[in-house]
Amino acid sequence: MAKNEQECWARVKDRLRSSVGDDVYNSWFARVDLEQLNSEAVHMSVPTRFLKSWIQTHYAERVLGCWQEEMPNLNRIELTVRTPVRSIAPAKDAKAATDERRGERSDTRAHDGGRAAVSAMAASAGHEALGGSPLDPRLTFETFVIGRSNTLAHAAARQVAEGRRGDPVMFNPLYIHAGVGLGKTHLLQAITFAGNALGQRKVLYLTAEKFMYGFVSALKAQTAIAFKETLRAIDVLVIDDMQFLQGKSTQAEFCHTLNALIDSGRQVVIAADRPPADLESLDDRVRSRLAGGLVVEMGSLGEELRLEILKSRVSAARILHPSFDVPLPVLDYLARTITHNGRDLEGAINRLLAHNTLSGQAVTLEMAEREVRDLVRPQEPRRVKIEDIQRVVARQYNVSRSDLLSSRRTANVVRPRQVAMYLAKTLTLRSLPEIGRRFGGRDHTTVLHAVRKIEALVGKDTTLVELLKRLLQD
Ligand code: ADP
Ligand code: MG
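## Structural notes on the packing of aromatic side chains
Inspection of every chain in the model, using the stated rule, returns 4 aromatic pairs. Between Phe29 and Tyr59, the aromatic rings sit 5.2 Å apart at their centres with planes inclined by 75 degrees, giving edge-to-face as the arrangement. Taken as a pair, Phe29 in helix 2 (residues 22-29) and Tyr59 in helix 3 (residues 49-68) lie far apart in primary sequence, 30 residues in all. Here Phe29 falls in the buried class, since its relative accessible area comes to 4%. You can call Tyr59 buried: its relative accessible area is 14%. One cation-aromatic arrangement involves Arg158 over Phe141; the distance from NZ or CZ to the ring centre is 4.4 Å.

Dropping the structure here:
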């Protein structure tokens, strides 16, 4: 995809985020990808049918609006569901690739990844026959990197996966919550693969969406009982993206299922983007049942963990592309600058890989900086202090700082003083009374007056204030 399209898309996402707020954005838009763009239509994809219909019914116009600010002639958005199972190397290719490499370097990690993927694929075939959601064969314990933020969640997940039939259930349900891209789905699918591979218990992985659609369509087909029976034949039920479980009848059914499973000593594992107490639309009984097991949060990925994830992604990519190489300084750079989530780390490696294989150019720091520009989290705006504001404004207007704090009312100090108060209000979190105190003990109404006055002026001439803001912020 052309660079300017990606940049355009990044701006659209920013606009969308500020229009709907972080929470809504993370719930519904974080996983939207841009597929194609032309002057009239934009084609985007989402991972699930549920997200697609939700966005279409609730946010279609807003999304279109955000695009139209970039491209006024755009009149249509298309949303499709992308296939959740990403392709992996067939068994013999993985082996051939490793054989080729053997001798020049012994990278057993990539090899293990390949073998794990193959057996994971076999396990997932059986799983889909049970009616489970499709699994991504790369999301196994072997490829899950452990760090400070996920040690506990990982240990609990292992424990669950390694349980044998008849073992006492230690924590039920196991409830894992974390923000987007921090590894919930990875961990849940790892449990599913490992549990089924052990052959002791039947592990079923369902997205909340699949649970809902499965249930709703089963009702329509008059086979609700069959559906319940299937579920109840499961030893471990794994439900992903619990926050999407909506609707009274779905929740009632979920509640029955949960109770039936837990009461009969079977394991339930749940992931959501927030703790049980924050699942607003959920029935109180369900919520307390969820909170009654082990609730573990996974924190954001630290820099070390990000670096390890990047390394493991690169060795996975090398199974198919043995000549792909990312120098350590580039990995360091990515780990340092891409702080959003695991999905962006994966995206970054994919772009480097695409660039490398398509252009034949080696991966360099310069290329990496160019390719991942839009994934880099903008620097947090610097915290501005009131003293800085006074200093910068005084210099700009050629008065002294003590003039600003004094009680002088000549025009040449009144205006800069008002500008400084206005900036203090808009660039810091200080209250009006506090700002008054810091400007020579003035009353908060004086500050308010100054803010209003400058606000009115700013409407006419923004250049000066913008300039000052910039001076203060870099
Ligand atoms: P979530 O379900 O929490 O939104 P995912 O499990 O889909 O996040 O993770 C997003 C991406 O980041 C995936 O490619 C996943 O493999 C990767 N990832 C996240 N955490 C880890 C980890 N600890 N080790 C390896 N990869 C990880
Ligand atoms: Mg997920």
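## Comments concerning the site of ligand 1
Surveying the vicinity of ligand 1 reveals 18 residues, the closest of which are Val145, Gly181, Thr185, His186 and Arg313. Note that an oxygen atom of ligand 1 is positioned 2.8 Å from one of the side-chain N or O atoms of Thr185. At 2.8 Å from an oxygen atom of ligand 1 is found a side-chain nitrogen or oxygen belonging to Arg343. Going through the elements one at a time, helix 7 (184-198), helix 12 (303-320) and helix 14 (342-359) are the ones with two or more residues in the shell around ligand 1. Partitioning the shell around ligand 1 into residue classes produces 6 nonpolar, 8 polar and 4 charged.

## Description of the sheet that holds strand 1 (residues 33-37)
As summarised here, the arrangement of the 3 strands in space is 1-2-3, forming an open sheet in which the pairing is mixed. Looking at the sheet topology across the chains shown, the edges are occupied by strand 1 and strand 3 (76-81). Sheet twist, expressed as the mean angle between neighbouring strand axes with direction ignored, is 25 degrees.

## Details of the pattern of salt bridges
Summed over all chains, the structure comprises 20 salt bridges. Taking the shortest distance from any N to any O, the salt bridge between Asp403 and Arg408 comes out at 3.0 Å. Among the residues examined, Asp403 registers a relative accessible area of 17% and is labelled buried. Judged by its relative accessible area of 36%, Arg408 falls in the partly exposed class. Three or more residues joined by partner-sharing salt bridges are found here, namely Arg11, Arg15, Glu69 and Glu70.

Conventions we followed
- Residues numbered from 1 in each chain as written.
- Chains lettered and ligands numbered in written order.
- Predicted model: local features only at pLDDT ≥ 70, side-chain atom pairs only at ≥ 80, totals over all residues.
- Heavy atoms only, no water.
- Phe/Tyr/Trp six-rings, centres within 6.5 Å; stacked < 30°, edge-to-face > 60°.
- Helix = DSSP H or I, 4+ residues; strand = E, 2+ residues; numbered from the N terminus.
- Buried < 20%, exposed > 50% of the residue type's maximum accessible area, 1.4 Å probe, protein only.
- Lys NZ or Arg CZ within 6 Å of the ring centre and 35° of its normal.
- Near = heavy atom within 4 Å.
- Polar contact = N/O pair within 3.5 Å; in protein donor to acceptor, adjacent residues only side chain to side chain.
- Nonpolar A, V, L, I, M, F, W, Y, C, P; charged D, E, K, R; others polar.
- Pairing = 2+ DSSP bridges.
- Axes fitted to C-alpha atoms, helices over the stretch in contact; angles between N-to-C directions.
- Salt bridge = Lys/Arg side-chain N within 4 Å of Asp/Glu carboxyl O.

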